[in-house]
Amino acid sequence: MAFGINKRRIRKALRRLQSLPGGWNFFLYSGNKIRTWWLRTIKSPKVAHPSSIMLEVTNQCNLRCITCPREYQYGEEMAKGFMNLDALKKVVDEAYPYVDSIGLTGLGETLMYKQLPEALDYIRSKNKGIITTISINAHLPGTVEMVKKIADKLDTLQISMDGVGQVYEDVRLRSDYDFFYNNVKEIVAWCKDKRAEVMFNFVAVKENYHTMAEVIEVASELGVVDVNITPFNVAAVTAHGIDYYDFFHTEAFKQELLRAKEKADQLKNVTMTVWDIKSPNEFQKCHLPWGHFYISWDGYATPCCAKPFPKELNFGNVFDDGLMHCLNTPGYLEFREMWYKNEVPSFCEKCHMVDLKPIDLPIELPVN
């Protein structure tokens, strides 16, 4: 299946290739890539050292968004806190020199983690080519000041952008659109000559999908060059069933998606990407059992960034038992065996990967 080119991923890959581990670490790094390939070739449920990990530095947040699973039953029941910096460094130590990218984000507002600059410094002290990413809501009073501290330590600064004006405020409760807009304007201006690339992430729901083209326009105004559109995932939301996905197949939604793409093409300074809308909906569509492993703020290895609730399912505590032990526990191996059989675990029911059917569009869209 052919999809449009994702320019952002190409830029990241080229940046990584410019700063691969050196000396003996290069042979460890290369050997691990070969082992990863070999394990997948023989269809082993085991994994080698991961090339990508996601560290949830906090799941605390200052907003209450209707798109966020932390605002529903699972989120209400989860423990909340901040990742211990020494524990974070220990995970980075185990992931190096094999890791290519580290996301320092999760269900919470990343900039609430006061030790973020030190965490980024530690990662870059290992290898300056490790790609680092965070996601923020740009709504803390000190947002701009914190971004100024980390803009040259970071590769991708993703900002959640779920509508324009009143629609934005209706989706992202406790928010102020004008405050958000002005913060993003300052952030983009500051990052213009810095390492960090600024992008928008838009979660499409019934309340905001009609503003996708307008979000593209705002990105153009502010100088945000990438906008990613992704569907609301109801896997972790007890308030909705899989029938929620029906609206993504309506003519109204499809026309708005096409209108957003036309707007991006017209403006030329914004690249729009979307989720994989073409592939069959099935467990094997999901890559998370094999990469971009999620570690909760308190150390638990959970199988999914869309439903990172250790009380529902986890494969051990990385802080106690180590990263590789948790990634290859009997439970995780069984989870991946189900992936090979294309059998959907009960944990993954209602996920858009398995229950959102392909969307028929007359054009190809670049996939995130």
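Residues numbered from 1 in each chain as written. Predicted model: local features only at pLDDT ≥ 70, side-chain atom pairs only at ≥ 80, totals over all residues. Heavy atoms only, no water.

1. Remarks on the packing of aromatic side chains
Put simply, the rule is: We call Phe, Tyr and Trp rings a pair once their centres come within 6.5 Å, taking the six-membered ring for Trp, and we label the pair stacked below 30 degrees between planes, edge-to-face above 60, and tilted otherwise. What counts as a helix is a DSSP run of H or I of at least four residues, what counts as a strand is a run of E of at least two, and both are numbered from the N terminus. Buried, partly exposed and exposed residues are distinguished by accessible area as a fraction of the type maximum, computed with a 1.4 Å probe on protein chains only: under 20%, between the cut-offs, and over 50%, respectively. By definition here, charges over rings are those cases where NZ of Lys or CZ of Arg is within 6 Å of the ring centre and within 35 degrees of the ring normal.
All chains considered together, the criterion is met by 27 aromatic pairs. Each ring, one from F248 and one from W275, has its centre 5.9 Å from the other, and the planes form 70°; the classification is edge-to-face. With a gap of 27 residues between them, F248 in the loop between β8 (226–231) and α10 (251–267) and W275 in the loop between β9 (271–274) and β10 (293–295) connect regions that are remote in the sequence. Judged by centre distance (4.0 Å) and plane angle (25°), the ring pair of F315 and Y332 falls under stacked. With F315 in the loop between β11 (301–302) and α11 (318–321) and Y332 in helix α13 (residues 330–341), the pair connects residues that are 17 residues apart, well separated along the chain. We note that F315, like Y332, is buried. An aromatic cluster of at least three residues, connected via ring pairs, comprises Y209, F232, Y244, Y245, F247, F248, F253 and W275. Lying over the aromatic face of W290, R40 brings its terminal NZ or CZ to 4.2 Å of the ring centre.

2. Structural notes on the pattern of salt bridges
As a reminder, the rule being used: The working definition used for a salt bridge is a side-chain nitrogen of Lys or Arg within 4 Å of a carboxyl oxygen of Asp or Glu.
All chains considered together, the criterion is met by 17 salt bridges. Ionic pairing is found between R15 and D155, a salt bridge with its closest N-O pair at 2.6 Å. One end of the pair, R15, is in helix α1 (residues 7–17); the other, D155, is in the loop between α6 (143–150) and β5 (156–160), with 140 residues separating them in the sequence. On the basis of relative accessible area, D155 is assigned to the buried category, the value being 2%.

3. Brief notes about the pairing of strand β4 (residues 131–136)
This is how the line gets drawn: Pairing between strands is defined by DSSP: at least two bridges between them are needed.
With respect to burial, β4 is a largely interior element, five of its six residues being buried. Pairing between β4 and β5: four bridges, direction parallel. Within β5, the position partnered with I136 by the bridge is I159.

4. So, the sheet that holds β8
Either a parallel or an antiparallel arrangement is found when strands of a sheet pair, and the pairing is made through backbone hydrogen bonds. Put simply, the rule reads: Any pair of residues with heavy atoms lying within 4.5 Å of one another is described as a contacting pair. Orientation is described by axes fitted as lines to C-alpha atoms, over the contacting stretch for helices, and by angles from 0 to 180 degrees between their N-to-C directions.
Ordered by their spatial adjacency, nine strands build an open sheet running β9-β8-β7-β5-β4-β3-β1-β10-β11, and the pairing between neighbours is mixed. Each edge of the sheet is formed by a strand with only one pairing partner; in this case those strands are β9 and β11. Helix-sheet contacts for helix α4 (residues 85–95) involve β1 (52–55), β3 (101–103) and β10, and the interaxial angle to β1 is about 175°.

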